[in-house]
Amino acid sequence: MSMSRFACMQALGARLNDELVILSLGGAVDEWFNAAPHMREGSLFQQQLGCVSAEAFGLSVGLPHRRIVSLDTDGGLLFNLGILATLGNEQPHNLFVVVWDNEQYQSIGGPRTHTASGRVDLAGIARAAGVEHAYTVDTLEAFDEHCAAGLAATVPYIVVAKTDGILEPGIKRKHSDGREDTYTFVRHVERTEGISIMGPSEHN
């Protein structure tokens with residue numbers, strides 16, 4: 001049994017306001033910018049597998065007073081299972097991790113990931129690594145309940161969402177490149193935190 005990733009994103013987006021979101025590459029990017037347009041400036045996507053939750057963890061340490069959300073994928077997390085040990089050891093109090101698990105590397109045509117075997121349990125691996133609150137869900141109702149709990153938690157919280165491999169039809173492409181997205185995100189953090197990160201260009 002699996003559910004619509006886009007529907008899950010809509011449910012999660014409805015719960016977000018001033019959080020910061022790091023998300024993975026592929027179709028999830030376009031879906032997120034359609035499902036939660038109000039989070040446009042507060043969302044940054046990573047183009048390398050294995051970096052999403054690690055970057056979100058770093059952000060959670062740098063901004064301990066702010067809720068950070070990682071929108072990872074099964075393929076991405078499998079590239080860096082070590083981040084689960086880091087989360088289990090460091091216990092960040094402000095990090096909520098969602099793993100979109102559609103059992104495939106969708107952005108490169110759909111070859112199966114290890115989770116498709118039925119033997120690889122990402123939530124189980126997370127629990128064994130010390131993340132006590134790690135769950136797998138396959139219904140929208142359960143996903144939404146865990147979003148509420150994860151966004152309120154004071155310990156690392158992971159929900160592995162078993163989604164289908166269908167990209168939401170009819171959505172608009174995100175009309176910006178990675179460099180533009182980086183500046184948009186950083187300027188949002190600067191503005192909302194009252195800090196300077198990159199500062200002005202030396203040429204202006």
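Just so you know, the residues in each chain are numbered from 1, in the order the chain's sequence is written. Two thresholds apply to this predicted model, a pLDDT of at least 70 for residue-level local features and 80 or more for giving and counting side-chain atom pairs, whereas whole-chain, interface and lining totals are computed over all residues. The side-chain values count all of the structure's non-hydrogen atoms but skip hydrogen atoms and water molecules.

Trainee: Would you mind showing me how to read the nonpolar core here?
Mentor: What tends to happen in soluble globular proteins is that the nonpolar side chains get buried as a cluster. One finds Leu12, Trp32, Leu71, Phe96 and Phe143 to be the most contacted residues of the largest nonpolar core, which totals 29 residues. If one sorts the elements of this core by residue count, helix H2 (residues 27-35) sits on top with 5 residues. If we skip the residues at most four places from it in the chain, Trp32 touches Met9, Leu12, Gly13, Leu16, Val21, Leu23, Met39, Ser43 and Leu71. For our purposes a nonpolar core is just a set of buried Ala, Val, Leu, Ile, Met, Phe, Trp, Tyr and Cys residues, chained together by side-chain atoms within 4.5 Å. Categorising residues by exposure relies on relative accessible area from a 1.4 Å probe, with only protein chains included: less than 20% of the type maximum marks a residue as buried, more than 50% marks it as exposed, and the intermediate range marks it as partly exposed. Runs of E in the DSSP output that reach at least two residues are strands. Runs of H or I that reach at least four are helices, and both are numbered from the N terminus. By the convention used here, residues are in contact when the closest approach between their heavy atoms is within 4.5 Å.

Trainee: Please explain unusual backbone geometry as it appears in this structure.
Mentor: Trans is the common state for peptide bonds, and a negative phi is the common state for residues other than glycine. The phi angle at Gln91 is positive, at roughly 55°, despite the residue not being glycine. Structurally, the position occupied by Gln91 is in the loop between helix H5 (82-90) and strand S4 (95-101). The backbone of Glu103 sits at a positive phi, close to 65°, despite the residue not being glycine. Mapped onto the secondary structure, Glu103 falls in the loop between S4 and helix H6 (122-128).

Trainee: Sorry, what's going on with the side chain of Asp72 here?
Mentor: By the secondary structure assignment, Asp72 is in strand S3 (residues 68-73). Of the side chains with opposite charge, Arg5 comes closest to the buried, unpaired Asp72, at an N-O distance of 10 Å. Once residues within four sequence positions are removed from consideration, Asp72 is found in contact with Val52, Ser53, Leu77, Val98, Val99 and Trp100. Within this scheme the basic residues Lys and Arg register as positive and the acidic residues Asp and Glu register as negative, but His and the chain ends are omitted. Any Lys or Arg side-chain nitrogen located within 4 Å of an Asp or Glu carboxyl oxygen qualifies as a salt bridge.

Trainee: Just checking my understanding: could you explain the sheet that holds S3 for this structure?
Mentor: One key point about sheets: their strands pair by backbone hydrogen bonds, in either a parallel or an antiparallel sense. Between any two strands, pairing holds if DSSP finds at least two bridges. Pairing is parallel across the open sheet formed by 6 strands, whose spatial order is S2-S1-S3-S4-S6-S5. The open sheet has two free edges, formed respectively by strand S2 (43-45) and strand S5 (133-137), since each of these has just one partner strand. Averaged over all pairs of adjacent strands, the angle between strand axes in this sheet comes to 15°, irrespective of strand direction. Orientation is described by axes fitted as lines to C-alpha atoms, over the contacting stretch for helices, and by angles from 0 to 180 degrees between their N-to-C directions.

Trainee: Quick question: what am I supposed to make of the pattern of salt bridges here?
Mentor: Where charged atoms from two side chains of opposite charge come close, those side chains can pair. Scanning the entire structure with this criterion turns up 12 salt bridges. Of the charged contacts, one joins Asp30 and Arg173 as a salt bridge, the two residues approaching to 2.8 Å between their closest N and O atoms. Taken together, the positions of Asp30 in helix H2 and Arg173 in the loop between strand S6 (157-162) and helix H8 (178-193) put the pair 143 residues apart, joining distant regions of the chain. The closest approach of N and O atoms between Arg66 and Glu193, which form a salt bridge, is 2.8 Å. Separated by 127 residues along the polypeptide, Arg66 in the loop between helix H3 (52-62) and S3 and Glu193 in helix H8 bring together distant segments of the chain.

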